[in-house]
Amino acid sequence: MTDTTAPLTPKPWISGIAPYVPGKSAGADGRPLVKLSANENPLGTGEKARAAFRAAATDADALSRYPDPGAAALREAIAAKFGLDPARVIYGTGSDDLLHLAAGAYAGPGDEILYVRYGFAVYEIAARRVGATPVEADDRDYATDVDALLARVTERTRVVYLANPNNPTGTLATREEVARLHAGLPRDVLLVIDQAYAEYLDPQQDDGGLELAKSAPNVFVTRTFSKIHGLAAERIGWGYASDEVIAALHRIRLPFNVTRCGQAAAIAALGDEDFVTASRTHNAHWRTWLARELDGFGNRGVRVVPSATNFLLVLFEGDVTAEAMYQRLMEAGYIVRWLPGQGLPHALRMTIGTEDETRGLAAAIRAALEG
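**Some thoughts on the overall build of the protein chain**
Secondary structure summary: the protein chain contains 13 helices and 13 strands in total. Expected size for 371 residues packed as a compact globule is a radius of gyration near 21 Å; at 21 Å, the protein chain falls within 12% of this value. Once the C-alpha set of the protein chain is aligned to its principal axes, its extents read approximately 60 × 55 × 55 Å. Residues counted as buried form 53% of the 371 residues belonging to the protein chain. About 16600 Å² of surface is accessible on the protein chain, with carbon and sulfur atoms providing 53% of the total.

So, in structure tokens, the structure goes:
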């Protein structure tokens, strides 16, 4: 008997997803490169977090027993640090996990998910994964344009993602802009404020997202331990929202999603203010230094987008293209992030590295432009 059924195929919205491309750490020939493509902390991980991780790993049941499914100690530590209700703290496999949960809980086929052009690549993936339609709002010179976002809201809008500071541009929306965006959204739209780089900000730059999430029923703030805390390998994120939003997210959250050692390291990292301060200070100094060095190549079509993060978005609009610079930097031993898949074929995102790495990157860029 002939089988006339159609072959197995994924849902059409799944087929439309362009998979996330992580930052590379090696050249095409496999040669290790100085990795400045993934916005990792060049100072590594604080000793308090390392010690806590090592101690947790020595427990007799460190590998054989599941971690605390409620991450109670971690939630309590986060709540104490930021003045939050621990019952309203949720945790995930990096903040990416939480961004996907927001889309999964509040959007589906026929709905729209909105974000700014040049926003984090995960937003489009999260939208398409649940069958929702991704919608981009125009930027304002690579920064968030609140009026453009509000103009794209329709009766089908269910989730709005705002990365603040933004990845990959590094730009920052002010507290006033965030408040205006929230005030302009319908009550049935979830505003997700993705604060992966918040710890790199000075106190006066705080966008007020956590304060909004304390009182607004439709605001969800996400953060990560991957960046300034240097725990990228453990993939630990957390978020805060109303009781109702958190309850909805828990319904689809995978169990045991943060490891035992990861929970211990994250708790210790929260208490290591010296390491966070050192990381912030190092980043601010060398980000300013690198931006100044690159601004000197303005006559060669190089422009640096002002950044509030641990990276710079650098535009190459002269004779040397971003693709050519990307290749020349790899030849010189450095890997940065070229972004044609995000509509930025003329740009490179460069993580702020150690002093030696940052000086070496600047020298390699100079040689590539002058060679």
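**Some thoughts on the pattern of salt bridges**
Applying the stated criterion to the full structure yields 19 salt bridges. Of the charged contacts in the structure, one is a salt bridge between Glu40 and Lys35, with a shortest N-O distance of 3.1 Å. A relative accessible area of 30% places Glu40 in the partly exposed class. A salt bridge links Asp61 to Arg260, with the nearest nitrogen and oxygen atoms 3.0 Å apart. Residue Asp61 is found in the loop between helix H2 (47–57) and helix H3 (72–82), and its partner Arg260 is found in helix H10 (residues 260–270); the two are separated by 199 residues along the sequence. Its relative accessible area of 29% is what places Asp61 among the partly exposed residues. Residue class for Arg260 comes out partly exposed when judged on its relative accessible area of 24%. Residues joined by salt bridges that share partners form a network here, namely Asp59, Asp61 and Arg260.

**Observations concerning the side chain of Arg287**
In this structure, Arg287 sits in helix H11 (residues 273–295). Notably, Arg287 is buried but unbridged: the nearest opposite-charge side chain belongs to Asp202, and the N-O separation is 6.4 Å. Aside from chain neighbours lying at most four places away, what touches Arg287 is Ser307, Ala308, Thr309, Phe311, Leu312 and Ile352.

**A closer look at helix H7 (residues 175–184)**
Among the residues of H7, those classed as buried are Glu177, Val178, Leu181 and His182. Across the axial projection of H7, the buried residues extend over an arc of 135°, all falling on one side. More than 90 degrees from the buried face of H7, the exposed residues found are Glu176 and Ala183. In the core, the buried residues of H7 are packed alongside helix H6 (146–151), strand S5 (157–163), strand S6 (190–194), helix H8 (209–215) and strand S7 (219–224).

**Digging into the packing of aromatic side chains**
In the structure shown here, the tally under the stated rule is 9 aromatic pairs. Ring geometry for Tyr66 and Phe256: centres 4.3 Å apart, planes at 15°, overall stacked. Of this pair, Tyr66 sits in the loop between H2 and H3 while Phe256 sits in the loop between helix H9 (243–252) and H10, and the two are 190 residues apart along the sequence. Overall, Tyr66 belongs to the exposed group, its relative accessible area being 63%. Residue classification places Phe256 among the partly exposed positions, given a relative accessible area of 35%. With 6.0 Å between their ring centres and 50° between their planes, Tyr115 and Tyr123 make a pair best called tilted. Across the pair, Tyr123 and Tyr115 agree in class, each one buried. An aromatic cluster of three or more residues is present, and its members are Tyr115, Phe120, Tyr123 and Tyr161.

**Details of the nonpolar core**
By size, the foremost hydrophobic cluster in this structure holds 41 residues, and its most contacted members are Ile78, Leu84, Leu191, Val219, Phe225, Leu231 and Trp238. For Trp238, the contacting residues outside a window of four places in its chain are Ile78, Phe82, Leu84, Val89, Ile90, Tyr91, Leu98, Leu210, Val221, Thr222, Arg223 and Phe225. Counting 31 residues, the second largest nonpolar core, distinct from the first, contains Leu294, Val314, Met350 and Leu361.

**A few points about a negative patch on the surface**
Taken together, Glu76, Asp85, Asp243 and Glu244 make up a surface patch of like negative charges. In this fold, Glu76 is placed in helix H3. Overall, the relative accessible area of 47% leaves Glu76 in the partly exposed class.

The rules behind each value
Residues numbered from 1 in each chain as written. Predicted model: local features only at pLDDT ≥ 70, side-chain atom pairs only at ≥ 80, totals over all residues. Heavy atoms only, no water. Helix = DSSP H or I, 4+ residues; strand = E, 2+ residues; numbered from the N terminus. Rg over C-alpha atoms; globule rule 2.2 N^0.38 Å. Buried < 20%, exposed > 50% of the residue type's maximum accessible area, 1.4 Å probe, protein only. Areas by Shrake-Rupley, 256 points an atom, 1.4 Å probe, with all protein chains shown as cover. Salt bridge = Lys/Arg side-chain N within 4 Å of Asp/Glu carboxyl O. Lys, Arg positive; Asp, Glu negative; His and termini not counted. Contact = heavy atoms within 4.5 Å. Arc of directions from axis to C-beta. Phe/Tyr/Trp six-rings, centres within 6.5 Å; stacked < 30°, edge-to-face > 60°. Core = buried A, V, L, I, M, F, W, Y, C linked by side-chain atoms within 4.5 Å. Patch = residues over 30% accessible without salt bridge, like charges linked within 9 Å, V, L, I, M, F, W, Y side chains within 5 Å. Charge placed at Lys NZ, Arg CZ, Asp CG, Glu CD.

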